[in-house]
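Now for the letters of each chain:
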Amino acid sequence: MSIYRFTLLARPKRANGGGAPTEKNLASDALDLRYPSSSQNDRDRASAVFSGAVVIYRALPAMLELVECIRDITRQALKVTDPCLAESLLESPDFRHRASSARKVVRENDDVASLYRAVLREAGVDVSAAFYDHFKLRFQPSNEVSRTRYMRDLPVHRDTWGSNVHAQINWWAPIWPVTTDRTIGMFPALWDVPVLNTSADWSYPEFIRQLKADKNTAYPMLPYCLDSLSPSDAVPVVVEPGDIMAFSGAHLHCSIPNQSGIVRISTETRTVSAHDLINLRSAKNVDCNAPASQFDWFRHIETGESLA
Ligand SMILES: [Fe+2]
């Protein structure tokens, strides 16, 4: 189905009566931030995040260890003592190459994986029922010349437009301190308001096919928003290194454009709990028209078994 057909035929009526999201409705809802004082079971977390809350687990001991572990990896890979200043200290090709190396190490490092599992346990996740995609290191550079497909300001999106797995939970944590002009941004007013997007037409197999044929392909890495929403309308979320936030993969979010001169360095993963799938706990689908679900993106966090 073309984007136009989706626009005309399948677009759900907006909760505000139709039309593009307005300044008024963007500002009308505050972000529902919750700070559990102790670990939280999967059912309670699901209840919170699948109703639009952002749950922040503060100063988890394992997260503090994971921060130190990833800082060491990043310093070694970038060969600078302060990776947040790497754009100023390195030539752009060196920065891009070394940052890419750091990302690869984090993705494959056993200590990172072990600490991530410990973080999730401390948050109360039953890891025996948890499936994840990857443990990612994310660089958000400040300069245009430093950017790549995987290191850039991420546009406004819902992760579920790509995965079509509405029980997906996103986990995000800073490795070095972030600020309101260098962090993740959320659109709480659009949590349950449909926005135009390319989920109906986007294809992961096609993305992979085109990427193999041409590593500079213009085919988008993920579906994107067609409504004219600005990251400046997003609510920036600032948490400390050692904290980790969990939110629904269906939450509309983006990178706050980084013009700070300092690289934002953060880590993230995405999980799906078998408990949530069995008990039909998920976010409501308000505007995803993806033709397929990507359960195969997720593997068991301990055994590696596919969720597909
Ligand atoms: Fe995302």
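Our subject is the structure listed above.
About the criteria used
- Residues numbered from 1 in each chain as written.
- Predicted model: local features only at pLDDT ≥ 70, side-chain atom pairs only at ≥ 80, totals over all residues.
- Helix = DSSP H or I, 4+ residues; strand = E, 2+ residues; numbered from the N terminus.
- Buried ≥ 20, exposed ≤ 12 C-beta atoms within 10 Å, placed from the backbone.
- Contact = placed C-beta atoms within 7 Å.
- Pairing = 2+ DSSP bridges.
- Axes fitted to C-alpha atoms, helices over the stretch in contact; angles between N-to-C directions.

Chemist: What should I look at first to understand the environment of R158 in this one?
Modeler: Structurally, R158 is set in the loop between β4 (136-140) and α8 (160-163). A tally of 29 C-beta atoms within 10 Å means that R158 is categorised as buried. Through-space distance from the C-alpha of R158 to that of Q294 is 14 Å; in sequence the pair is 136 residues apart. Excluding residues within four positions of it along the chain, R158 makes contact with G249, A250, H251, L252 and C288.

Chemist: Help me understand the environment of T271 in this model?
Modeler: With respect to the element layout, T271 can be found in strand β10 (residues 264-273). Residues T271 and V156, spaced 115 residues apart in sequence, show a C-alpha to C-alpha distance of 20 Å. In this structure, T271 is in contact with A130, F131, Y132, I169 and W171, ignoring residues within four places of it in sequence.

Chemist: For this particular structure, what's the right way to read the sheet that holds strand β7 (residues 235-237)?
Modeler: The strands making up a sheet associate through hydrogen bonds between their backbones, and the pairing can be parallel or antiparallel. The strand order β7-β6-β9 describes an open sheet built from 3 strands, whose pairing is antiparallel. Where the open sheet ends on each side, the last strands, each with one partner, are β7 and β9 (253-255). Pairwise comparison of adjacent strand axes, ignoring direction, gives a mean angle of 35 degrees for this sheet. Alignment of strand β6 (residues 184-186) against β9, held across 3 bridges, turns out to be antiparallel. Paired with I184 across the strands is S255, a residue of β9.

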